[in-house]
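Working through the structure, step by step
Listed below, chain by chain, are the residues.
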Amino acid sequence: MCQIRELVLGIESTAHTFSVGIIDFEGKVHSLVNDIYIPEKGGLHPILVRENHLNNFMNTIIKALTEARISIKDINLIAFSQSPGLGPVLKIGALVTRMLSQILKIPIVGVNHCIAHIEIGRLMCNIKDPLTLYVSGGNTIVSAFESSRYQIFGETLDLAIGNMIDSFARDAGLSHPGGPKIEELAQKSNKYLPLPYVVKGMDLSFSGIYTAAKRFIESEDFNKKYNLNDVANSLQETAFAMLTEVTERALAHTEKTEVLLTGGVAANKKLQQMIEYISKEHNARFEVVPLKYAGDNGAMIGWTGILRYNSIGGHDISETIINPKERMDQITVPWRI
Ligand code: AMP
Ligand code: MG
């Protein structure tokens, strides 16, 4: 393991985004190129996403190399998202990475996607040991490092928050991704329509909010007694209050002094304000991961690959099988022990 400027190529391929990030061992990102599959209608169909990634992976890698002004031969280490995610989609990233590792004769590291979201946040926000709220299209997790692992203090029992908002937005006739559009509409209303607030212990359920919000826009009263702005506002208020409650309780329990907000939904200003408020109440520093690195991206995979490689080396090729259901609290984190 030599310490001169070494470069890792990180490949993210868990869901809609096939992303390639080139980052060096000091944490400087040299390039980041995303190819995002947007379904024409409905949710993400794993087979269609797989086809998209299969058709585009080479172009995405070439663009990332070109942007970083390097050749594939300059890459010293390759990392990929090994878990969790959609099986057929994870397989594409794994296949490409295992192939490149063997052709180029460079070490390979498999990375847990959720841990990567936290690690890129620690790097970019220059913080050490945060309580993290990770909210995205596919995940809703409150996590902190304790007893050698990123423990999960709270999580969704059904839909991920981003998926719930996108699904509702789609039903309301808005294009994908719905999150930013719902945020814009919500800003135009102060009206609150009651929606199910479901926190069970430290876990959350969003399916009741989704169904009830959908009923509001299907009702005869829609556009008479209230409008879409009001439903969007109520949906955000309810879902974000639930997230804030669980995050605050985890913060009180763990007594962490830093709070990190990440994932695509971290772009939401209302959610940022609410999490910032409780952070201040607990004298904790609040950080939002820069949006370029908050959503799924290859740089976070590359950086987490570097952390593991510097700590205990790469994976043997026989250990690089994908693990679509692996939870972040199932694995130890050698670079933080
Ligand atoms: P990710 O899965 O991390 O790539 O993030 C994508 C998710 O973030 C989608 O569900 C988007 O609708 C959601 N999102 C992006 N911007 C916003 C926003 N301003 N408010 C709420 N959700 C958002
Ligand atoms: Mg993600």
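Quick summary incoming for the structure in this document. (Residues numbered from 1 in each chain as written. Chains lettered and ligands numbered in written order. Predicted model: local features only at pLDDT ≥ 70, side-chain atom pairs only at ≥ 80, totals over all residues. Heavy atoms only, no water.)

**Here we look at the site of ligand 1**
By nearness alone, 16 residues border ligand 1, and Gly137, Asp166, Glu183, Gly264 and Asn268 come closest of all. Between Gly137 and ligand 1, the recorded distance is 2.9 Å, taken from a backbone N or O atom to an oxygen atom. Within the side chain of Asn268, one N or O atom sits 3.0 Å away from a nitrogen atom of ligand 1. Within the residue set of the shell around ligand 1, elements represented by two or more residues are helix H4 (161-171) and helix H5 (179-186). Looking at which element gives the most residues to the shell around ligand 1, the answer is H5, with 3 residues. Considered class by class, the residues forming the shell around ligand 1 number 4 nonpolar, 9 polar and 3 charged. (Near = heavy atom within 4 Å. Polar contact = N/O pair within 3.5 Å; in protein donor to acceptor, adjacent residues only side chain to side chain. Helix = DSSP H or I, 4+ residues; strand = E, 2+ residues; numbered from the N terminus. Nonpolar A, V, L, I, M, F, W, Y, C, P; charged D, E, K, R; others polar.)

**Considering the sheet that holds strand E4 (residues 77-83)**
Pairing is mixed in the open sheet, where 5 strands are placed in the order E3-E2-E1-E4-E5. With partners counted over all chains shown, the strands left at the sheet margins are strand E3 (29-36) and strand E5 (108-112), one partner each. Here the strands of the sheet are splayed against their neighbours by 20° on average, with no regard to which way each runs. Inspection of the sheet shows strand E1 (residues 7-12) paired to strand E2 (residues 17-24) by 6 bridges, in the antiparallel sense. Among the inter-strand pairings, Leu7 is bridged to a residue of E2, identified as Asp24. Each of E1, E2, E3, E4 and E5 is contacted by helix H3 (residues 113-124), which is oriented at about 95° to E5, the strand it contacts most. (Pairing = 2+ DSSP bridges. Axes fitted to C-alpha atoms, helices over the stretch in contact; angles between N-to-C directions. Contact = heavy atoms within 4.5 Å.)

**A short note on the sheet that holds strand E12 (residues 285-288)**
Here we have 5 strands laid out as an open sheet, ordered E8-E7-E6-E11-E12, and mixed in their pairing. The sheet is open, and its two borders are formed by strand E8 (149-155) and E12, each paired with just one other strand. Across the sheet, the mean angle separating the axes of adjacent strands is 20° when strand polarity is ignored. Strands strand E6 (131-135), strand E11 (258-262) and E12 of the sheet are contacted by helix H8 (residues 269-281), whose axis makes an angle of about 160° with E12.

**Side note on the packing of aromatic side chains**
Under the defined criterion, the tally for this structure stands at 5 aromatic pairs. Pairing Phe216 with Tyr226 gives two aromatic rings, centres 5.3 Å apart and planes at 85°, and the pair type is edge-to-face. Separated by 10 residues along the polypeptide, Phe216 in helix H6 (residues 207-218) and Tyr226 in the loop between H6 and helix H7 (228-254) bring together distant segments of the chain. The same class applies to Phe216 and to Tyr226, which are both buried. Taken together, a centroid distance of 6.1 Å and an interplanar angle of 50° make the contact between Phe222 and Tyr226 tilted. The structure contains a cluster of three or more aromatic residues connected by ring pairs, namely Phe216, Phe222 and Tyr226. The ring of Phe145 carries Arg336 above its face, with NZ or CZ at 4.2 Å from the centroid. (Phe/Tyr/Trp six-rings, centres within 6.5 Å; stacked < 30°, edge-to-face > 60°. Buried < 20%, exposed > 50% of the residue type's maximum accessible area, 1.4 Å probe, protein only. Lys NZ or Arg CZ within 6 Å of the ring centre and 35° of its normal.)

**Considerations on the coordination of the magnesium ion (ligand 2)**
Under ideal tetrahedral coordination, the four donors around a metal are separated by 109.5 degrees; under ideal octahedral coordination, the six donors are separated by 90 or 180 degrees. Within the first shell, the magnesium ion (ligand 2) binds the protein through His113 (NE2), His117 (NE2), Tyr134 (OH) and Asp296 (OD), at distances of 2.1 to 2.4 Å. In the primary sequence, the donor residues of the magnesium ion (ligand 2) line up as H-x3-H-x16-Y-x161-D. One end of the pair, Tyr134, is in strand E6; the other, Asp296, is in the loop between helix H9 (291-294) and helix H10 (298-312), and 162 residues separate them in sequence. Overall, Tyr134 belongs to the buried group, its relative accessible area being 2%. According to the relative accessible area criterion, Asp296 is buried, its value standing at 14%. (Donors = N, O, S within 2.8 Å, 3.2 Å for Na, K, Ca; no water.)

**So, the packing of helix H1 (residues 46-68) against helix H2 (residues 87-104)**
Where H1 meets H2, the axes come as close as 8 Å, and the angle between the chain directions of the two elements is 30°. On the basis of the axis angle, H1 is roughly parallel to H2. Crossing geometry of H1 relative to H2 is assigned as right-handed. Contact with H1, carried on its side by Pro46, Ile47, Val49, Arg50, His53, Leu54, Phe57 and Ile61, involves Pro88, Val89, Ile92, Val96 and Leu100 of H2 and no other residues of that element. Across the contact of H1 with H2, the residue classes tally to 11 nonpolar, 1 polar and 1 charged. (Parallel < 35°, antiparallel > 145°, perpendicular 65-115°, else oblique. Left-handed = near helix turned anticlockwise from the far one by under 90°.)

**Some details on the side chain of Ser81**
Relative to the helices and strands, Ser81 resides in strand E4. Looking at Ser81, its side chain comes within polar contact range of the main-chain nitrogen of Ser13, at 2.8 Å. Beyond its immediate stretch of four places on either side in the chain, Ser81 contacts Ile11, Glu12, Ser13, Thr14, Leu90, Val111 and Ile301.

**Looking at H6**
The end-to-end C-alpha distance of H6, which contains 12 residues, comes to 17 Å, matching closely the 16 Å that a straight helix rising 1.5 Å per residue would cover. Every buried residue of H6 is accounted for by Ile209, Tyr210, Ala212, Ala213, Phe216 and Ile217. Contacts made by the buried residues of H6 are with H4 and H7. (Expected span 1.5 Å × (residues − 1).)

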